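Observations on the model geometry
Each chain is listed here by its residues.
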Amino acid sequence: MHPQIEEDKPGKCPICGMDLVPVKTENIKVVSDHHHENHASMGHEGHDHAGMIADFRKRFYVVLVLTVPIMLLSEMIQHWLGVDWRFIGSQYLLFALSSIVYLYGGRPFLKGLVDEVKSRNPGMMFLIGFAISVAYIYSVAIVFGLQGMDFFWELTTLILIMLLGHWIEMKSVAGASKELELLVQLMPSDAHMVMPDKVHDVKTDTLKEADIILVKPGEKVAADGIVLEGESYLNESMLTGESKPVLKVKGDKVIAGSVNGNGSFKVTVTHAAKDSYLSQVVKLVNDAQKSKSKTQLLADTAARWLTIIALVSGIVTFLYWYLTGQTLAFAMERMVTVIVICCPHALGLAVPLVVAKSTALSAKSGLLIKNRTAFENSRKITTIVFDKTGTLTVGKFQVSKIVSLQKELNEDEIIRLVSALEQQSEHPIATGILQKVKDLGITIPSTEKFKAITGKGVEATVDGKKIMVVSPGYLTETNLSLPAGFKANETETVVFVIINKELAGYIALSDEIRPESAEAIQILKKNNIRSILLTGDNVRVAKSVSNALGMDSFIAEVLPHEKLEKIKDLQKKGEFVAMTGDGVNDAPALAQADIGIAVGSGSDIAAETAGIILVNSNPLDIVSLILFGKATYRKMIQNLAWATGYNLIALPLAAGVLYNQGILLSPATGAVLMTVSTVVVAINASLLKIKS
């Protein structure tokens with residue numbers, strides 16, 4: 001069973017914005033897999049999208065079979081063919097067959113009409129239901145005495161084409177969210193739990209923290225955890241976008257849903273299934289798909305206006321033709337055609353389809369969208385502020401130099417004392433120092449009275465001595481002189497060691513620039529986006545990295561709380577600023593930026609202040625995000641332009657402005673054009689791709 005993702009209420013359909021009845025894929029409620037409530041308004045609440053597609057297909061074939069005798073019994077068709085197949089009671093048989101088509105084939109639209117009237121939100125279903133009802137009631141009146149010619153055949157072909165159109169459209173729509181369905185399916189239903197006596201197969205959703213599971217070759221990892229024993233290569237491409245298999249050894253983190261290679265290993269579970277990375281990703285995608293951006297709100301407003309325009313235009317068209325001497329049947333036919341052809345379905349789907357597609361597709365590539373507006377606004381970015389460590393650089397500092405300034409202290413003693421303080425920190429510098437201690441086989445002593453000096457370093461008591469590990473900025477502030485002859489490499493970061501208020505030595509560490517960073521900066525330049533390095537490192541290191549990558553500028557020796565002010569300064573200059581950071585230390589700056597991008601969050605995707613989360617720390621992912629945001633916006637505008645432009649041309653034709661030139665659209669033709677416009681929008685959305 002899959003993990004449960006709780007939702008307070010069903011929410012809105014990402015496709016059409018209507019209220020939803022949750023559909024479960026095992027225990028995960030997948031909003032993007034829901035059908036339109038509009039389409040589901042026929043007693044099929046709770047069925048999956050595939051069931052809805054099958055239902056429309058069945059109704060289409062039933063109506064198709066009935067269309068043949070209805071066409072042959074219709075007086076107008078017989079007149080066109082030059083035959084007379086009428087017999088006693090033929091008009092009543094025609095009435096009976098057409099009634100079946102109206103009540104059975106038209107039921108989805110009639111039920112939708114009722115629901116939209118109840119919700120006081122008339123839309124596509126209202127228009128279609130109204131149009132077929134007008135056609136049916138008028139034709140019934142002809143059968144029972146009203147002078148004129150029925151158009152049961154037009155009613156039947158209209159319903160037939162609408163069913164076919166919805167069937168095709170729903171198949172197209174289903175493809176827009178298939179990526180999320182694939183994410184859901186990544187979670188295996190069973191796991192091999194290691195017990196004292198033997199290995200038992202258990203359901204995934206029963207796993208809890210500290211359980212041990214066995215992952216066999218070729219299987220999917222059943223839970224987030226830490227490798228306890230063994231090693232193997234894992235394919236995480238569906239989760240993080242990382243195309244190459246990643247080697248996992250003892251102590252490494254693994255993500256539920258990743259696919260194991262040829263090795264076998266044991267994992268200590270760190271999260272229950274409902275808290276796994278995959279579950280959180282699915283929830284984020286659901287939340288993002290349900291949220292509405294300004295573009296979507298614009299489309300919704302346009303769709304509502306189009307509904308009103310369709311109704312008014314239909315009534316005006318009817319009055320014009322009837323009052324200018326045309327028959328009642330002709331005027332009714334024009335009204336029905338106008339109403340059908342102006343159904344705002346394509347306009348209503350223009351943005352939601354792109355939203356559903358882009359959000360799920362992003363999740364597959366390690367781009368997690370928490371805020372739709374932030375994602376779509378990425379096209380406006382003029383400046384990106386980069387945090388250095390772990391984004392532009394590898395983030396793995398290695399000790400390159402240890403220098404003692406006191407004769408009684410050797411290098412090993414310096415790093416031994418420093419490691420006691422750094423074991424309390426998760427900073428990359430601390431990691432590099434602890435790795436060096438591990439390589440040297442030095443035992444780390446315990447500390448007392450540990451205290452962090454905000455933005456400057458740490459202090460504690462070790463072996464009865466007061467030890468401080470601080471940045472060069474601290475020496476400047478406290479008027480401590482740099483050691484004679486001190487000269488650090490441009491790419492090195494240096495921390496100074498103060499023992500009992502005396503400068504005792506320093507440790508230099510270097511962080512390698514990521515090979516992808518230079519390419520990312522160059523692509524940004526081609527797109528006229530400035531890149532600025534913002535770092536707590538010294539000016540020398542910042543300048544070195546900035547120059548090496550060809551960045552526009554850098555801001556060095558900035559404390560965490562000062563980053564916020566730097567972002568504000570850029571915004572005051574009229575820049576639309578995106579800030580990249582780790583989502584924790586950079587939280588204020590991420591919140592202040594126009595777009596906050598948390599990078600390298602891995603399985604910790606709860607970066608509350610960021611609108612967008614990148615699972616990997618690859619700077620090219622940031623570029624992909626911006627380019628994909630632009631591509632997504634282009635798709636929305638294309639769809640809106642098509643849906644609006646189509647109506648501008650189709651409505652006058654439907655009303656009969658070219659009647660005197662011999663061009664007249666039937667209701668069935670109107671239905672075909674409306675369906676085609678909707679399918680075009682769906683196909684255009686499905687063509688959205690992330691360029692890697």
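Our subject is the structure that appears above.
Residues numbered from 1 in each chain as written. Predicted model: local features only at pLDDT ≥ 70, side-chain atom pairs only at ≥ 80, totals over all residues. Heavy atoms only, no water.

1. Things to note about the overall build of the chain
Regarding its fold elements, the chain presents 24 helices and 24 strands. Classification of the 692 residues of the chain by burial places 54% in the buried group. Residue pairs in contact within the chain that sit at least 24 positions apart in sequence constitute 66% of those at least 6 positions apart. Accessible surface, the chain: about 29900 Å² in total, of which carbon and sulfur atoms supply 56%. (Helix = DSSP H or I, 4+ residues; strand = E, 2+ residues; numbered from the N terminus. Buried < 20%, exposed > 50% of the residue type's maximum accessible area, 1.4 Å probe, protein only. Contact = heavy atoms within 4.5 Å. Areas by Shrake-Rupley, 256 points an atom, 1.4 Å probe, with all protein chains shown as cover.)

2. Some thoughts on the sheet that holds strand β4 (residues 199-203)
Read across the open sheet, the 6 strands follow the order β4-β3-β5-β11-β6-β9; overall the sheet is antiparallel. Only two strands of the sheet have a single neighbouring strand rather than two, namely β4 and β9 (253-254). Pairing geometry for strand β3 (residues 190-194) and strand β5 (residues 212-215), over 2 bridges, is antiparallel. The partner of H192 across the bridge, within β5, is L214. (Pairing = 2+ DSSP bridges.)

3. What to know about the packing of helix α16 (residues 411-422) against helix α17 (residues 428-440)
Two packed helices can be described by the angle between their axes and the distance between those axes. Relative orientation of the contacting elements α16 and α17 amounts to 130°, with a least axis distance of 9 Å. Taken together, the axes of α16 and α17 are oblique relative to one another. For the element pair α16 and α17, the recorded crossing hand is left-handed. Contact residues: D412, I415, V418, S419 and E422 in α16; A430, I433, L434, K436, V437 and L440 in α17. (Axes fitted to C-alpha atoms, helices over the stretch in contact; angles between N-to-C directions. Parallel < 35°, antiparallel > 145°, perpendicular 65-115°, else oblique. Left-handed = near helix turned anticlockwise from the far one by under 90°.)

4. Focus: the pairing of strand β13 (residues 383-387)
With 5 of its 5 residues buried, β13 lies for the most part within the structure. Going residue by residue along β13, you find T383, V385 and D387 tucked away on one face and I384 and F386 tucked away on the opposite face as well. Taken together, the 4 bridges between β13 and strand β22 (residues 577-581) define a ladder with parallel strand orientation. Bridged to T383 within β22 is V577. By the bridge criterion, 5 bridges tie β13 to strand β20 (residues 530-534) in an arrangement that is parallel. Looking at β20, one finds that F386 is bridged to L533.

5. A closer look at the pattern of salt bridges
Counting across every chain of the model gives 11 salt bridges. Across the pair D190 and K203 runs a salt bridge, and its minimum N-O distance is 3.4 Å. Linking D190 in strand β3 with K203 in strand β4, this pair joins segments that are 13 residues apart in sequence. Residues E459 and K466 are paired through a salt bridge, measuring 3.7 Å at the closest nitrogen-oxygen approach. Since its relative accessible area comes to 14%, E459 is described here as buried. Look at K466 and you get partly exposed, because its relative accessible area is 36%. Among the charged side chains, a network of salt bridges with common partners joins E413, R416 and D463. (Salt bridge = Lys/Arg side-chain N within 4 Å of Asp/Glu carboxyl O.)

6. So, the packing of aromatic side chains
Taken as a whole and judged by the stated rule, the model has 12 aromatic pairs. With a centroid separation of 5.3 Å and 75° between ring planes, the pair formed by W321 and Y659 is classed as edge-to-face. Within this pair, whereas W321 is found in helix α11 (residues 294-323), its partner Y659 is found in the loop between α23 (619-655) and α24 (667-686), the two being separated by 338 residues in sequence. Site record: aromatic cluster; members linked through ring pairs are Y320, W321, F330 and Y659. Sitting over the ring of Y104, R59 keeps its end group 4.7 Å from the ring centre. The ring of Y633 has R379 sitting right over it, with the charged end atom 3.4 Å from the ring centre. (Phe/Tyr/Trp six-rings, centres within 6.5 Å; stacked < 30°, edge-to-face > 60°. Lys NZ or Arg CZ within 6 Å of the ring centre and 35° of its normal.)

7. Focus: the nonpolar core
One finds F109, I132, F152 and L155 to be the most contacted residues of the largest nonpolar core, which totals 61 residues. Mapped by element, the contributors of at least two residues to this core are α2 (49-73), α4 (90-105), α5 (107-118), α6 (124-143), α7 (152-176), α11, α12 (328-341) and α23. When residues of this core are assigned to their parent elements, the largest contribution, 13 residues, is made by α6. Setting aside chain neighbours within four positions, we find F109 in contact with F56, M125, I128, G129, I132, M162, L163 and H166. (Core = buried A, V, L, I, M, F, W, Y, C linked by side-chain atoms within 4.5 Å.)

8. Let's talk about the environment of P188
Within the fold, P188 resides in the loop between α8 (178-185) and β3. For the pair P188 and A222, spaced 34 residues apart in sequence, the C-alpha separation works out to 5.8 Å.

9. Considerations on the packing of helix α19 (residues 517-526) against α23
Where α19 meets α23, the axes come as close as 8 Å, and the angle between the chain directions of the two elements is 25°. The angle between the axes of α19 and α23 places the two elements in the roughly parallel class. For the element pair α19 and α23, the recorded crossing hand is left-handed. Of the residues in α23, those in contact with S517, E519, A520, I523 and L524 of α19 are P619, L620, V623, I626 and L627. Considered class by class, the residues forming the contact of α19 with α23 number 8 nonpolar, 1 polar and 1 charged. (Nonpolar A, V, L, I, M, F, W, Y, C, P; charged D, E, K, R; others polar.)

10. Observations concerning the sheet that holds strand β19 (residues 502-510)
Taken in spatial order, the 6 strands of this open sheet run β14-β19-β18-β17-β16-β15, and their pairing is antiparallel. Both outer strands of the open sheet, β14 (398-404) and β15 (448-453), are each paired with one neighbouring strand and no more. Strand-to-strand twist across the sheet, computed as the mean angle between neighbouring axes with direction ignored, equals 20°.

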